[in-house]
Amino acid sequence: NAGVTQTPKFRVLKTGQSMTLLCAQDMNHEYMYWYRQDPGMGLRLIHYSVGEGTTAKGEVPDGYNVSRLKKQNFLLGLESAAPSQTSVYFCASSFLDIYLSSGELFFGEGSRLTVL
Amino acid sequence: AQRVTQPEKLLSVFKGAPVELKCNYSYSGSPELFWYVQYSRQRLQLLLRHISRESIKGFTADLNKGETSFHLKKPFAQEEDSAMYYCALSVFITDSGGYQKVTFGTGTKLQVIP
């Protein structure tokens, strides 16, 4: 029972390099999210998806792109990494509640990215 | 816009002492409030939500709309309660296809001293 799985868990990049973080969930959730966690700032939403083939911007989308080609996968890309993108990235998923109330977020273990 | 404030970055208490982690929010509508916890080397997980009104691991939280607060309380702290605690406010946004917008506080690290 994997839940939400993120890969890789750790990565070191040089400024200007590109990379992709993969998030996979096996709970058939409609909604998926990418957050970044920085000291003293809590979790901030980067991008989100309300279903397969759809993505939208969150609070801090600049410098990131996402794709949701399959319902179970949500990819976060950095085209040209910058030191300001050094952070811990969390993926989360939640289900579509027909009553439009808020559901529990299920998180991955996090991916620690360092940009030198 | 919604905002969640957790005024304490670190809260240290002795084992057996009462715990209160503060959370205040600002939102003009009726929010849904949650507490998430992150134990060392584990992923963030839901601790409790205000609509369920239940006690989890001895923790309770009451939504006070007048004071716009959702403080987390436990009468007797245990060492295993040491963790990072995040208060979160959730609102369903109907535009952009509809999504659950969750705003997190900056977190409070609870340290229970043996």
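Along each chain, numbering runs from 1 in the same order as the chain's sequence is written. Each chain takes a letter, starting from A, and each ligand takes a number, starting from 1, following the order in which they are written. The predicted origin of the model limits local features to residues at a pLDDT of at least 70 and limits the giving and counting of side-chain atom pairs to 80 or more, whereas totals for whole chains, interfaces and linings rest on all residues. Processing note: side-chain calculations cover all non-hydrogen atoms of the structure and skip hydrogens and water entirely.

Description of the packing of aromatic side chains
Heads up, the rule is: When two rings of Phe, Tyr or Trp (its six-membered ring) have centres within 6.5 Å they constitute a pair, described as stacked for plane angles under 30 degrees, edge-to-face for angles over 60, and tilted for the intermediate range. In DSSP terms, a helix is any run of H or I states spanning at least four residues, a strand is any run of E spanning at least two, and both are numbered starting from the N terminus. We call a residue buried when its accessible area falls under 20% of the maximum for its residue type, exposed when it is over 50%, and partly exposed in between, using a 1.4 Å probe and counting protein chains only.
Tallied over the full model, the rule gives 12 aromatic pairs over all chains. Geometrically, the ring pair formed by A:Y35 and A:F107 is tilted, given 6.2 Å between the ring centres and 45° between the ring planes. Of this pair, A:Y35 sits in strand β4 (residues 31-38) while A:F107 sits in strand β10 (residues 106-107), placing them 72 residues apart in sequence. Each of the two residues, A:Y35 as well as A:F107, counts as buried. Summarising the aromatic geometry, the rings of B:Y36 and B:F104 are spaced 5.8 Å apart at their centres and angled 55° between planes, so their arrangement reads as tilted. With B:Y36 in strand β5 (residues 32-38) and B:F104 in strand β10 (residues 99-104), this residue pair connects regions lying 68 residues apart in the sequence. Like B:F104, B:Y36 is buried. Here the aromatic cluster, defined as three or more aromatic residues joined through ring pairs, consists of A:Y31, A:Y33, A:Y35, A:F90, A:F107, B:F34, B:Y36, B:Y86 and B:F104.

Structural notes on the nonpolar core
Note the following rule: What we call a nonpolar core is a set of buried Ala, Val, Leu, Ile, Met, Phe, Trp, Tyr and Cys residues that are connected through their side-chain atoms within 4.5 Å. Here, residues are in contact when the closest pair of their heavy atoms is within 4.5 Å.
Counting residues in each nonpolar core, the largest one holds 25 residues, and the members touching the most others are B:W35, B:L47, B:L48, B:F70, B:L72 and B:Y85. Secondary structure elements with two or more residues in this core: β2 (10-14), β3 (19-21), β5, β6 (45-49), β9 (83-93) and β11 (108-113) of chain B. Discounting residues that sit within four places of it in the chain, B:L47 has contacts with B:W35, B:Y36, B:V37, B:I56, B:F59, B:L72 and B:Y85. Counting 22 residues, the second largest nonpolar core, distinct from the first, contains A:Y33, A:A56, B:Y99 and B:V102.

What about the sheet that holds strand β3 (residues 19-25) of chain A?
All names here are of chain A. Put simply, the rule reads: Only when DSSP finds a minimum of two bridges between them are two strands counted as paired. Angles here are taken between N-to-C directions and fall from 0 to 180 degrees, while the axes themselves are lines fitted to C-alpha atoms, restricted in helices to the stretch in contact.
Reading across the sheet, the 4 strands line up as β1-β3-β8-β7 and stay open at both edges, with antiparallel pairing between neighbours. Every other strand in the sheet has two partners, leaving β1 (4-7) and β7 (65-67) as the edge strands with one partner each. The average undirected angle you get between the axes of adjacent strands in this sheet is 20°.

Some remarks on the interface of chain A and chain B
Defined as follows: Values labelled buried area give the accessible surface lost by two parts on being combined, using a 1.4 Å probe and summing over both. Only one rule defines a salt bridge in this text: a Lys or Arg side-chain nitrogen within 4 Å of an Asp or Glu carboxyl oxygen. Throughout this description, a polar contact denotes any pair of N or O atoms lying within 3.5 Å of each other; where both atoms belong to protein, one of them has to be capable of donating a hydrogen while the other can accept it, and for residues adjacent in sequence the pair is counted only when both atoms sit in side chains. All residues other than Ala, Val, Leu, Ile, Met, Phe, Trp, Tyr, Cys, Pro, Asp, Glu, Lys and Arg, Gly among them, are scored as polar; the first ten of these are nonpolar and the last four charged.
Across the contact, 24 residues belong to chain A and 21 residues belong to chain B. Here chain A packs against chain B, burying approximately 2100 Å² in sum over the two surfaces, 55% of which is carbon and sulfur. Among the ionic pairs, A:E109 bridges to B:R43, the shortest N-O distance being 3.8 Å. Between chain A and chain B we count 4 residue pairs in polar contact (both at pLDDT 80 or more) in total. For the side of chain A that touches chain B, the elements supplying multiple residues, two or more each, are β4, β5 (42-51) and β9 (87-94) of chain A. Sorting elements by how many residues they give to the side of chain A that touches chain B places β5(A) first, with 5 residues. For the side of chain A that touches chain B, a count of residues per class yields 14 nonpolar, 8 polar and 2 charged.

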